[in-house]
2 protein chains.
Amino acid sequence: MYSFTEENYLKAIYKLSYEQKQSETSTNAIAEELDTRAASVTDMLKKLAEKQLVNYEKYKGVSLSDEGKSVALQVVRKHRLWEVFLHDKLDFGWEEVHEIAEQLEHIQSDRLINRLDDYLGNPKHDPHGDPIPDKSGALFIENYLPLNKVASGQACILTGVSDHSTSFLKSVEKWGLGIGTCLTPGDKNEYDGTLEVELPNGEKIVIGQKSAAHILVKI
Amino acid sequence: MYSFTEENYLKAIYKLSYEQKQSETSTNAIAEELDTRAASVTDMLKKLAEKQLVNYEKYKGVSLSDEGKSVALQVVRKHRLWEVFLHDKLDFGWEEVHEIAEQLEHIQSDRLINRLDDYLGNPKHDPHGDPIPDKSGALFIENYLPLNKVASGQACILTGVSDHSTSFLKSVEKWGLGIGTCLTPGDKNEYDGTLEVELPNGEKIVIGQKSAAHILVKI
DNA sequence: AAATATTTTTAGATAAGTCTAAAAATAATA
DNA sequence: TATTATTTTTAGACTTATCTAAAAATATTT
Ligand SMILES: [Mn+2]
Ligand SMILES: [Mn+2]
Ligand SMILES: [Mn+2]
Ligand SMILES: [Mn+2]
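Right, let's walk through the structure included here. (Residues numbered from 1 in each chain as written. Chains lettered and ligands numbered in written order. Predicted model: local features only at pLDDT ≥ 70, side-chain atom pairs only at ≥ 80, totals over all residues. Heavy atoms only, no water.)

## Topic: the sheet that holds strand β6 (residues 195–198) of chain A
All names here are of chain A. Basically, it comes down to this: In this description, strands pair whenever DSSP reports at least two bridges between them. Put simply, DSSP H or I for four residues or longer makes a helix, DSSP E for two residues or longer makes a strand, and each gets a number counted from the N terminus.
Taken together, the six strands give an open sheet; going across it, the order is β3-β8-β4-β5-β6-β7, and neighbouring strands pair in antiparallel fashion. At either end of the open sheet lies a strand with only one pairing partner, and these are β3 (145–146) and β7 (204–207). In the sheet, β3 pairs with strand β8 (residues 215–218) via two bridges, with the strands oriented antiparallel. Bridge pairing links L145 to V217 in β8.

Okay, structure coming up:
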């Protein structure tokens, strides 16, 4: 239906709008997200507007139309379900699944993705804790809290990460943390920003401010 | 490494060479196999020759180089392993798997395909009975016999099909046949070419000459 | 061998997606 | 407000893959 490239643009616009918490996003932001040039983005935005997938006015930013958002959510659904498959069935680490899912998310077959969903047991989250849209594109959004906002002594559960880079995911794993781990933040070093965190086994680890901001938890 | 399109051309040349039992194949045959025009094929053959993937001389046909054959076999491996996944794990019928595998065969990740292979239990054949090349591209070719060449009364086992069209596969299924079914050909009607075949439960079915030629068996 | 038919290749165009460099619009600063 | 900086768009070119129509080469008939 829509090309590989069109799907990637729609997904990028969706992601940026979501992260920036506003429906409009900019040409430059899209270019950076897709590792391409602003001129290429402008060209594509014109095509997407032509096809009514985005609302676009020159110099005034762009937002997804209903149809565009629906396509983007289907791509996100496919991406996250394939990540679950790679992680749960093929034993790939959570730092490895994203790259392969970037390719698999473009396979066109509703029947395939719905059967995969069933085969995986209709998971609600991907290996990074991100929610998986259902068949109709509905997404249940939970407001998770970054660990650095949690009060000292307040026990909480790791539910996701907001940085998917390999280096960050590997260090989270090295600390012995993963989705579902119970954490209790302790003392914060006001000088260098590091945070002490207690694990269920009583062990205490120290993590930097930046890491604490990308570890999402629920209380 | 190689584009979607390049992979499809290499696979087509491999398939035609294999079917025609000679390494050389023609521009027109490739055009028909890929549902494109002869002029497009000529253009692509020049590019593939440039990249040393095929041996090509104007007006003299084309054959795969060692590297080209290796790429083609990897694509075939991926195609057939994905067909097994779709059939065995996601319960797709053998008439449905090919179309989806045409997309999945282009996913680039050696680690993925090798893990998938292990996950599926290193199958030797796809749902149509076709052999699956191993990691190194080695293919164990068995000489199966079309059912119409089997002597009357000689029991044999269905091991594959040489036509993958939906209509044929559906009719084979309707007769209650599948990979592994034991068959005993009986009387052949010399007038209309139909063949009587006995099944393990004693039931007798009648199939046409064309179908009998596309049902492969071993004795 | 000459005429005809078929196959294959070339020539020139088109579409999708990308790029650089320059121009235009908008935003920030003095 | 005028100047400067940043962002965005246009203009024109390039790549990959495709097409039609015409020319060239090869194969088949008479
Ligand atoms: Mn991902
Ligand atoms: Mn994810
Ligand atoms: Mn197939
Ligand atoms: Mn097959």
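## Considering the coordination of the manganese ion (ligand 2)
For a metal with four tetrahedral donors the ideal donor-metal-donor angle is 109.5 degrees, while six octahedral donors give ideal angles of 90 or 180 degrees. Residues and elements named next belong to chain A. The test is simple: Each metal site lists N, O and S donors within 2.8 Å (3.2 Å for Na, K and Ca). With water left out of the atoms, a site can look as if it is missing ligands.
Taken together, the protein donors to the manganese ion (ligand 2) comprise E83 (OE), D126 (OD) and H128 (ND1), at separations of 2.2 to 2.3 Å. Counting along the primary sequence, the residues that act as donors to the manganese ion (ligand 2) give the motif E-x42-D-x1-H. The metal-metal distance between the manganese ion (ligand 2) and the manganese ion (ligand 1) is 3.4 Å, with E83 coordinating both. In this pair, E83 sits in helix α4 (residues 66–89) while D126 sits in the loop between α6 (110–119) and β3, placing the two residues 43 residues apart along the sequence.

## Focus on the protein's contact with DNA strand C
Convention followed: Whether a residue is near a molecule or strand is decided by its heavy atoms; if any one of them lies within 4 Å of it, the residue is near. Distance and chemistry together define a polar contact, namely a pair of N or O atoms within 3.5 Å, with one atom able to donate a hydrogen and the other to accept it when in protein, and with adjacent residues in sequence counting only for side-chain atoms on both sides. As a working rule, the residues Ala, Val, Leu, Ile, Met, Phe, Trp, Tyr, Cys and Pro are called nonpolar, Asp, Glu, Lys and Arg charged, and the rest polar, with Gly in that last group.
Taken together, the neighbourhood of DNA strand C is formed by 21 residues, with S3(A), T36(A), S40(A), Y56(B) and K58(B) sitting nearest. When the atoms of DNA strand C within 4 Å of the protein are sorted by group, sugar and phosphate make up 78%. Here a phosphate oxygen of DNA strand C and a backbone polar atom of R37(A) are 3.2 Å apart. Separating a phosphate oxygen of DNA strand C from a side-chain N or O atom of K46(B) is a distance of 3.0 Å. Looking at the surface near DNA strand C, the elements with two or more residues in it are α1 (4–20) and α3 (38–50) of chain A together with α2 (27–33) and α3 (38–50) of chain B. No other element matches the five residues that α3(A) contributes to the surface near DNA strand C. Looking at the surface near DNA strand C residue by residue, the classes come out as eight nonpolar, eight polar and five charged.

Any link to function would need more than the numbers given here.
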